[in-house]
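Report on the structure
Take a look at the letters that make up each chain.
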Amino acid sequence: MVSKSLVSLQRHLPQLSFSRVLAISAVLRVALILYSEWHDAHSTVKYTDVDYRVFSDAAHFVLNPTSANRAQGYLGLWTGSGDPYTRATYRYTPLLALLLTPNEWLHPSFGKYLFAVCDLLTGMLMYRMLVDIILPLGAKCEGSASSSVSSADQEKPTDTTTADTRVLERYATLLVSVHLLNPLVFTISTRGSSEAILLLFVLSTIYCALKRRWNAAAVLLGLSTHWKIYPFIYGVACLGLVGNGVGRGWKEYLQRMVDPRALKFGALSAATFAALGALMYLIWGYPFLYESYLYHLHRLDHRHNFSPYFYLIYLTYPTQSSPLELDSMPLGQRLLRSPLTSFVPQMVLSLGTGLLFGRRRDDLVFACFVQTVVFVVFNKVCTSQYFLWYMIFLPLLIPRLRMSTRQALLYLGVWAGTQALWLSEAYKLEFLGQNVFFGLWVRSLIYVVGNCWVLAQIMSCYAR
Amino acid sequence: MRVDDWPPVAHCSLHVLHVLPPDVYADPYELALRPAYSARLHPASDLELPVAAVDHADSVLILDVHAPRTAPDVLVDVPLHARYGIPAPASYHPIALPPPLGFWACPSSAHPPPPPPQLQPYLPLETASSHAISLIPSSAADERAHIVIPVGTPDHLPLVDIGTVSVMLLMFVYLVYASVSTAQRLHSDHRAKKD
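Chain B is annotated in an unreviewed UniProt entry as Protein PBN1 of Postia placenta MAD-698-R-SB12. Among the UniProt annotations of chain B, the heading Subcellular location (unreviewed entry) holds the following wording: "Endoplasmic reticulum membrane". Among the UniProt annotations of chain B, the heading Sequence similarities (unreviewed entry) holds the following wording: "Belongs to the PIGX family."

Going by an unreviewed UniProt entry, chain A carries the name GPI mannosyltransferase 1 and comes from Postia placenta MAD-698-R-SB12. Note on chain A: under the UniProt heading Pathway (unreviewed entry), the record states "Glycolipid biosynthesis; glycosylphosphatidylinositol-anchor biosynthesis." Heading Subcellular location (unreviewed entry) of the UniProt record for chain A holds this comment: "Endoplasmic reticulum membrane".

Opposite the 54 residues of chain B that make contact, chain A presents 61 residues. Contact with chain A buries surface across chain B, with B:Tyr29, B:Tyr84 and B:Met168 losing the most and accounting together for 15% of the total. Taken together, the links from chain B to chain A amount to 2 salt bridges. Two residues, B:Glu48 and A:Arg91, come together in a salt bridge whose shortest N-O distance is 2.9 Å. Where chain B meets chain A, there are 16 residue pairs in polar contact (both at pLDDT 80 or more). Residue assignment for the side of chain B that touches chain A shows that the elements contributing at least two residues are helix H1 (28–31) and helix H3 (157–194) of chain B. Element by element, the count of residues in the side of chain B that touches chain A is highest for H3(B), at 29 residues. Counted by class, the side of chain B that touches chain A contains 32 nonpolar, 11 polar and 11 charged residues.

For the rest of this paragraph, the subject is the UniProt feature "transmembrane region" (unreviewed entry) in chain A. Residue and element names in this part refer to chain A. The UniProt feature table records "transmembrane region" (unreviewed entry) at residues 229–250, 262–284, 339–357, 364–381, 408–424 and 436–456. A distance of 33 Å separates the end C-alpha atoms of residues 262–284, which is 100% helix and 0% strand. When the span residues 436–456 is considered, its composition is 95% helix and 0% strand, and the gap between its end C-alpha atoms is 30 Å.

How each quantity is defined
Residues numbered from 1 in each chain as written. Chains lettered and ligands numbered in written order. Predicted model: local features only at pLDDT ≥ 70, side-chain atom pairs only at ≥ 80, totals over all residues. Heavy atoms only, no water. UniProt positions renumbered as here; feature names shortened; annotations may be inferred. Contact = heavy atoms within 4.5 Å. Buried area = accessible area lost by both parts, 1.4 Å probe. Salt bridge = Lys/Arg side-chain N within 4 Å of Asp/Glu carboxyl O. Polar contact = N/O pair within 3.5 Å; in protein donor to acceptor, adjacent residues only side chain to side chain. Helix = DSSP H or I, 4+ residues; strand = E, 2+ residues; numbered from the N terminus. Nonpolar A, V, L, I, M, F, W, Y, C, P; charged D, E, K, R; others polar.

Rendered as structure tokens:
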């Protein structure tokens, strides 16, 4: 039986098939990629992201080894590969540079098409998750919560089931459109940002977890973490679900996290991460280790970004004549400037919310969403691409949110408005050369407060 | 750059030399995409650090210009970037950019004369010893360029220090409270459904 809310919703659902939405999304992305080529050839301000040039250059160096540009690992000479880290500011896995080697010999925009394909695959995966798992789960929850089903409803003929499926599919199409037709999503991938690849890995991890295919989920989690470190936080949410056992209390929950199945999940995930890292290290050596991982431990992002930490870092940037020496500072200043002051709240919230909400399969998507939002908001650097990390969960979460249209518009307004407030000030700095550092920092604080408030409201609207 | 006299020797090459103060840098990867010239930069400059964290030495950018030998005016478009300046009470920091120097390099089998004194400190030894270098006279337009960049204000530091940490910790406490409340609600809802 389809839930009452879906029955009432079907009146409002557009008659748009998923394949049509996919086709529109594909055409849109191809058009933007073609436009980007024209725009970049005719304008000083480029459409294409600077990072795309970094990836492309790294791919070039991989394909064109020289005496000064060789893979520096033990197997590097044997593979005959160049070093992607010859490219300054390339701080990603070598796998990305390898994936983009067709930029050199096929077409410079190959990478953008690849990211667009990943976008579309993500949309298809979202659709399957909604139709196969999330919407039926939500309907079941409402059915069990409402008054008992009448015998007439229980005996409805098969064509009702088909109608139910059609409603689910139309609703799923609408939700996936929220992602595929989101300007932030298609702009970022067509500008050449590689987030689409990572998001496909992350969503695949969650899909396998929801399907209880734990070995596949563990391998994908290891791969995602190799690609970019932050997805390791999802392991915490998954651990509470992997283990066997019943029981409601915290004691039983914690026991589930250390039972053999959970330990196997953790070990397989860690082994995948380690194996990939070891292979990359064997071929590309210490530069891989440093640029992909170690650099991020000590990075200092002094240039303006959404995080309020930027101005503090800029004003206190260590120089050759005055390096950062915490030991020589008074205790209060040491506490304020310590890297742990930013790291501990971020980790406590990211991991803690995984533990709090990763107790039931129904709440896995919600757990991952909350974990990602707090990770991004409390990070010491934040650019627009980071928003995609949690936006990917929204279409999967919306069916479980109970809020009025007014509330939804208010939360969206605050989320977008705090960004617009910051961007309007950043424009003055970047394009007009005005000294607005203090104002920009204040707006960064407003961005943090606004996003935290929106997250708290979403939490209060979840599964009501 | 105005080139009034194209040299009679066909294989002379046209070059531009930029001396860049540490506040300004060129991105060699960006320059490599420009078809009008090829670029050599020495020393290689970090693309990310603020000026306070780099060596306080000038860098030298030499462009090998691929200009057709026709019109006297040759336009060479060079993208340059300013680093974040050292925080200072004055809100802005002026940067004086020396004018670029254009010159011809004509291969010479005999001992060429020494290069002009303005270029001598910057030209690679092998170029100076194998080429006759002649400076293209500066025009009135080739003056020192003045760029003004905004810089952070050190007086803001105490407020920024305390303000950043306070707001982040406050939001941390707020979200811990919101998360725990939500988790308790979800747990009791789930127990109610099971019962």
